[in-house]
Amino acid sequence: MDHQYQLVSKPILVWGLFGRVHILQPGLFCCLSPPKHYNMGGVVLVLWLFLFASSVHLSQGISHEIHLPRPRHGSGGHHVPGLSCLSWRLGVETHNIIGWSTLPQACESYVGHYMLGRQYRKDSGVVVFEAIAYAQGLKLAGDGKDIWVFDVDETSLSNLPYFAKNGFGPEALNLTQANSWVYEGKAPAQPESLKLYKKLLSLGIKVVFLTGRSSAALRNVTSENLHNAGFHTWEKLILRGSSDTGTAVVYKSNARKKLEKSGYRIVGNIGDQWSDILGTNVGNRTFKLPNPIYYVS
């Protein structure tokens, strides 16, 4: 059977064999002839053409806003030719893009769809799966001094309800609005982190929460929020005091150093920011959850 091809000018859905649906992106060639089937003749041809026509019609109503192909600005607001939002997020998670204050304007929709969709949950699940596998292989001393450090925001508690309402950028974070949300104490648990938390407790590993939240203003609301979200017990809840100066890396390094001087062994450390797991006294192993929303140095 002869095949005819045409250049695809916009994304379209194409039905393949066994009912599979494929999205053809612009610039690809599409085969317009039906697949070869055994002795089914014109019936298959008519059915295939009907499905193909339906899929093309369907594609006209499908928004491809989720994966914007070519954003015009990088993390610093400068033009980055050919940089995709997926590539930008990869750069963020691998710590190759640092010091950014807002995400690229063209990537707001992509980041929002990522955080509110399935992929963010799946990516977080991979991190937690590895963390649990590591924890299960530990040989603990059994003296109650083995601890696991958890960050709070976007690690233990999720602020996605706030961002879903107020947007994912590219404007700088409105601290007044954000703090108002935090004071409500309604943040849900990051579900994968809660899973890790429960597993660690069952293994005999104690949990320490280490957050950059203000100690004077937010200790009670943070404690209540953690408890209501499912984190019912912990060894320590460490918040940032007025004497804790310097960057998040410096502050958290000092806090972990004090823990180890008190006799604790940090067997694990998990956070959504690189500043949660960089510096000194980071623990035996660190785990990084995804967060393309904001950057803390």
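This structure is a prediction, so every number in the text was calculated from the model and none was measured.

Quick notes on the rules
- Residues numbered from 1 in each chain as written.
- Predicted model: local features only at pLDDT ≥ 70, side-chain atom pairs only at ≥ 80, totals over all residues.
- Heavy atoms only, no water.
- Helix = DSSP H or I, 4+ residues; strand = E, 2+ residues; numbered from the N terminus.
- Buried < 20%, exposed > 50% of the residue type's maximum accessible area, 1.4 Å probe, protein only.
- Contact = heavy atoms within 4.5 Å.
- Areas by Shrake-Rupley, 256 points an atom, 1.4 Å probe, with all protein chains shown as cover.
- Salt bridge = Lys/Arg side-chain N within 4 Å of Asp/Glu carboxyl O.
- Axes fitted to C-alpha atoms, helices over the stretch in contact; angles between N-to-C directions.
- Parallel < 35°, antiparallel > 145°, perpendicular 65-115°, else oblique.
- Nonpolar A, V, L, I, M, F, W, Y, C, P; charged D, E, K, R; others polar.

Undergrad: Help me out: how do you make sense of the overall build of the protein in this one?
TA: Looking only at helices and strands, the protein features ten helices and nine strands. The proportion of buried residues among the 297 residues of the protein is 42%. Long-range pairs, those at least 24 residues apart, make up 66% of the contacts in the protein between residues at least 6 apart in sequence. In the structure as shown, the protein presents an accessible area of about 16,300 Å², 56% of it carried by carbon and sulfur atoms.

Undergrad: Even after reading the chapter, I still don't get the pattern of salt bridges, so can you show me in this structure?
TA: It is possible for side chains bearing opposite charge to pair when their charged atoms get close. Tallied over the full model, the rule gives ten salt bridges. The salt bridge partner of Arg-121 is Glu-192, with a shortest N-O separation of 2.5 Å. A residue pair is termed long-range when its members are at least 10 positions apart, and Arg-121 in helix α4 (residues 118-136) and Glu-192 in helix α7 (residues 191-203) qualify at 71 residues. Classification of Glu-192 by relative accessible area gives buried; the value is 6%. Across the pair Asp-146 and Arg-265 runs a salt bridge, and its minimum N-O distance is 2.9 Å. With Asp-146 in strand β5 (residues 146-150) and Arg-265 in strand β8 (residues 265-271), this pair connects stretches of sequence that are 119 residues apart. With relative accessibility at 5%, the residue Asp-146 sits in the buried group.

Undergrad: Any chance you could explain unusual backbone geometry here in plain terms?
TA: In this model, His-95 sits at a positive phi of 65°, which is unusual for a non-glycine residue. With phi around 65°, Glu-154 is a residue other than glycine that occupies positive phi space. Relative to the helices and strands, Glu-154 is located in the loop between β5 and α5 (160-166).

Undergrad: Is there a simple way to explain the packing of α4 against α7 in this structure?
TA: A pair of packed helices can be characterised by two numbers: the angle between their axes and the separation between those axes. The geometry of α4 relative to α7 is characterised by a closest axis approach of 9 Å and an angle of 10° between their N-to-C directions. Between α4 and α7, the interaxial angle falls into the category roughly parallel. On α7, the residues that touch Arg-121, Ser-124, Gly-125, Val-128, Ala-131, Ile-132, Ala-135 and Gln-136 of α4 are Pro-191, Glu-192, Ser-193, Lys-195, Leu-196, Lys-199, Leu-200 and Leu-203. Among the residues making up the contact of α4 with α7, the classes are represented as eight nonpolar, four polar and four charged.

Undergrad: What am I meant to see in the environment of Pro-161 here?
TA: As for its placement among the helices and strands, Pro-161 is situated in helix α5. Considered as a pair, Pro-161 and Leu-116 are 45 residues apart in the sequence and their alpha carbons are 9.5 Å apart. Ignoring anything within four residues of it in the chain, the contact list for Pro-161 reads Trp-181 and Pro-188.

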